[in-house]
Amino acid sequence: MSVAEKLRQNPLFAGAGEEAIREVARVAVAYQYAPGEVLLTQDRGGELLHLLTSGAVRISRLGSGQLERTVSELYAPDLVGETALLLGGERSATVTATMPTTTLALHRPHLEVIARRDPTLLWNLASILAQRVCDLNDELIAAGHSTDAALVHVVSGLYAQRLKAGLADAHILPLGYAELMERMATSRETVSRSLKRFQTRPAQYE
């Protein structure tokens, strides 16, 4: 698959003109990451936007007490690094590959020039950011409602991501007790109780 074809699959370039895609294909830099490798590091500066062309990444943040918490998982085709790119300054989160991952990276100056020529990119980026804000709001509401609601949000959200990415095993979620405890910010015992309720009464969560 050509670079241009990979770009067309990314939501940032939905409806973008061929000239913009050709220009991005010309300046984009290809990267490869093994599972566990870090693409972006929280609190470090950076002007790279990564377009995921294959694989998946975990977004995490260090909170109080230097406890790391997973914020979300993203699968190709998607993008990471947009916050620091738009606002400048330091990265707001750490991005780590969870499987073999490839990206096409864009430097901020290149994206600024291309986006001025084709404002579709800015509109798409705004739409992506708006959806992420909505997803975050949903997570906060679920977490504030109950542990069961938080569990459903985490599981259904990850399944939706994997389904959207076209994974054949989308229903097999890479979530163990440790991951659920981290995402839900709770104990193993609480997660276990919630899972048992979910297994015995699944219909009420549909």
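Conventions we followed
Residues numbered from 1 in each chain as written. Predicted model: local features only at pLDDT ≥ 70, side-chain atom pairs only at ≥ 80, totals over all residues. Heavy atoms only, no water. Helix = DSSP H or I, 4+ residues; strand = E, 2+ residues; numbered from the N terminus. Rg over C-alpha atoms; globule rule 2.2 N^0.38 Å. Buried < 20%, exposed > 50% of the residue type's maximum accessible area, 1.4 Å probe, protein only. Contact = heavy atoms within 4.5 Å. Areas by Shrake-Rupley, 256 points an atom, 1.4 Å probe, with all protein chains shown as cover. Lys, Arg positive; Asp, Glu negative; His and termini not counted. Charge placed at Lys NZ, Arg CZ, Asp CG, Glu CD. Pairing = 2+ DSSP bridges. Axes fitted to C-alpha atoms, helices over the stretch in contact; angles between N-to-C directions.

Undergrad: Would you mind going over the overall build of the protein chain with me for this structure?
TA: Looking only at helices and strands, one finds 8 helices and 8 strands in the protein chain. The C-alpha radius of gyration of the protein chain comes to 18 Å, within 12% of the 17 Å expected for a compact globule of 206 residues. By its C-alpha atoms, the protein chain is 55 × 35 × 30 Å across when sized along the principal axes. Relative to its full complement of 206 residues, the protein chain shows a buried share of 35%. Partitioning the intrachain contacts of the protein chain with sequence separation of at least 6 by distance along the chain shows that 70% fall at a separation of at least 24. Carbon and sulfur atoms provide 56% of the accessible area of the protein chain, an area that totals close to 11,400 Å². Charge separation in the protein chain, taken as the distance between the mean sites of 21 positive and 23 negative side-chain charges, equals 2 Å.

Undergrad: Looking at this structure, I do not really get the sheet that holds strand β2 (residues 38–40). What am I missing?
TA: Across a sheet, strands are paired by hydrogen bonds formed along the backbone, either parallel or antiparallel in direction. Taken in spatial order, the 4 strands line up as β2-β7-β4-β5 in an open sheet, and their pairing is antiparallel. Both edges of this open sheet fall to β2 and β5 (68–75), since each of them pairs with a single strand only. Across this sheet, the average inter-strand angle for adjacent strands is 30°, counted without regard to direction. Pairing analysis gives 2 bridges linking β2 to strand β7 (residues 94–97), with the strands arranged antiparallel. By the bridge assignment, V38 is partnered in β7 with T96.

Function-wise, these values are silent; they only describe arrangement.
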